[in-house]
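Here are the chains, one letter per residue:
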Amino acid sequence: MIGIAAAWIIVLLLGGGVALDRVLVNAVTRNFDNQLEYALTAMIASAEIDPMGEVFFNRPLGDQRFLEPNSGLYWQISGKGHDDFTSRSLWDRTLEHGVPHDDMSIHLYDSNQFPEEPLRIVERTVILPDSTVKWSFKVAQNREGLNAQVNEIRAILINSFLLLALGLIGMAALQTLYGLWPLRKIRKAISEMRNGQKKRVSEPMPNEVTPMVDELNELLDHNENQAEEARRHAGNLAHALKTPLTVIMNSATAKSADLADTVIRESGIMRRQVDHHLARARAVGRRGHVHSRSRVWPSLQAVERAVGRLYKHVRIDIDGDKDAVVSVERQDLDEMIGNLVENAAKYGGGSVFVTVESGDEFVELLIEDDGLGIPAEARERLFNRGARLDTGKPGTGLGLAIVRDVAEIYQGKVSLEESEDLGGLMVRLSLPKPPAQIVS
């Protein structure tokens, strides 16, 4: 940032300096030329033709430097067929003719005809009264004074612009360092958190940096919550596997006759527990809250096709809001809907009806079947891991537990009710809408 600011400042100052140099140099040169033109005008006004046809002045010129030899200010009048009429300051020298021209305009040019004395010359061709000769009037002045003024101006410009450049670059550097200084504090705080000295960025920060610090602290909270959830899941899984492993080890140690049956039974229990915790861990890992957006209708259609192929005798109908969107990852949404619809198809009487209702903050999915239903006192027990009321049909008893855990991860909920239309069980799954769709 400092380098870019310095480069831009230098470019702007160079451009401005060149433009200002041209303006000031042209102004000084114009003033110098105006003095020469004034002297030239005085010469022409004083010039006359004598009876011999030669030019002379009817009054002397006012500037005494024309009378001092080698004074640096000279005049000369030249005409074809006539001797040059020169000032005493030229002494034994004459001014050479400049660029040839055939007009009566004023011409200004530089000349180096005198060694170590550069000249600035103004020249004009005039036809005087009572004469047909084209007289060339010239006024020349040593331009060392002009060059000295130009050099002085340029020296002032260069020094001023250098000082200005240093000041602006220094100010840009200080502004950049001051503006980015809070990031050093954040870096130090992150280093202290990595070393275990701090848990959060707690120092007050400028308003421009505060949102980033807040997001960082929220990210740390999120990571800590995920780490805590991971530790809790690992502990739950270890606790769930401890009992089956103990049973297997005791049977193996005792060399029980039903060891094979015990291993198969307890391994099935362990597999169900592992599947349950893996499903929950996947949901936690995919959880995005605000950034997760899934359309409900495509998920319902996909589940309807899949379950319809497994249970060909079951009729599945879906109705409701086709544009409903929930703040859930698509894979987790499919898993929850799939578990609920499959349960309704498996334990129902052949009809499953799914309704999608959109509220202000939540989208509700009502999954109804025409089965025997579940008594109110037994409904809550079904959410326990491995709990099943009908053991005659295949299953792990983890479907509703997985649905409840995944829904809660996304700040949703699931409940069991009685279906008024079909007479069987109705599962109400409530999932949050994305923030942009929440109606105030």
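Because the structure is predicted, anything quoted here is derived from the model rather than measured.

Trainee: Account for the sheet that holds strand β13 (residues 413–418), with residues named and values stated.
Mentor: The five strands are arranged β9-β11-β12-β14-β13 in an open sheet whose pairing can be described as mixed. For this open sheet the edge positions go to β9 (315–320) and β13, each flanked by a neighbour on one side alone. Direction aside, the axes of adjacent strands within the sheet are offset by 15 degrees on average. As paired elements, strand β12 (residues 362–369) and strand β14 (residues 425–432) share seven bridges and run antiparallel to each other. Counterpart to I367 in the pairing with β14 is V427. Contacting β9, β11 (351–358) and β12, helix α5 (residues 296–310) crosses the sheet at an angle of about 175 degrees to β9.

Trainee: An account of the packing of aromatic side chains is requested, with residue identities and associated values reported.
Mentor: On inspection of all chains with the given rule, the structure shows four aromatic pairs. The interplanar angle of 85 degrees and the centroid separation of 6.0 Å between the aromatic rings of Y74 and F114 together place this pair among those described as edge-to-face. Here Y74 is found in strand β3 (residues 73–79), whereas its partner F114 is found in the loop between β5 (106–111) and β6 (119–127), with 40 residues between them in sequence. Summarising the aromatic geometry, the rings of W75 and F85 are spaced 4.9 Å apart at their centres and angled 70 degrees between planes, so their arrangement reads as edge-to-face.

Trainee: How would you summarise the packing of helix α1 (residues 2–46) against helix α2 (residues 144–194) if you had to cite specific residues and measurements?
Mentor: As a packed pair, α1 and α2 sit with axes 9 Å apart at the nearest point and diverge in direction by 160 degrees. On the basis of the axis angle, α1 is roughly antiparallel to α2. Crossing handedness for the pair α1 and α2: right-handed. Taken together, the residues of the contact of α1 with α2 break down into 22 nonpolar, five polar and three charged.

About the thresholds
- Residues numbered from 1 in each chain as written.
- Predicted model: local features only at pLDDT ≥ 70, side-chain atom pairs only at ≥ 80, totals over all residues.
- Heavy atoms only, no water.
- Pairing = 2+ DSSP bridges.
- Helix = DSSP H or I, 4+ residues; strand = E, 2+ residues; numbered from the N terminus.
- Axes fitted to C-alpha atoms, helices over the stretch in contact; angles between N-to-C directions.
- Contact = heavy atoms within 4.5 Å.
- Phe/Tyr/Trp six-rings, centres within 6.5 Å; stacked < 30°, edge-to-face > 60°.
- Parallel < 35°, antiparallel > 145°, perpendicular 65-115°, else oblique.
- Left-handed = near helix turned anticlockwise from the far one by under 90°.
- Nonpolar A, V, L, I, M, F, W, Y, C, P; charged D, E, K, R; others polar.

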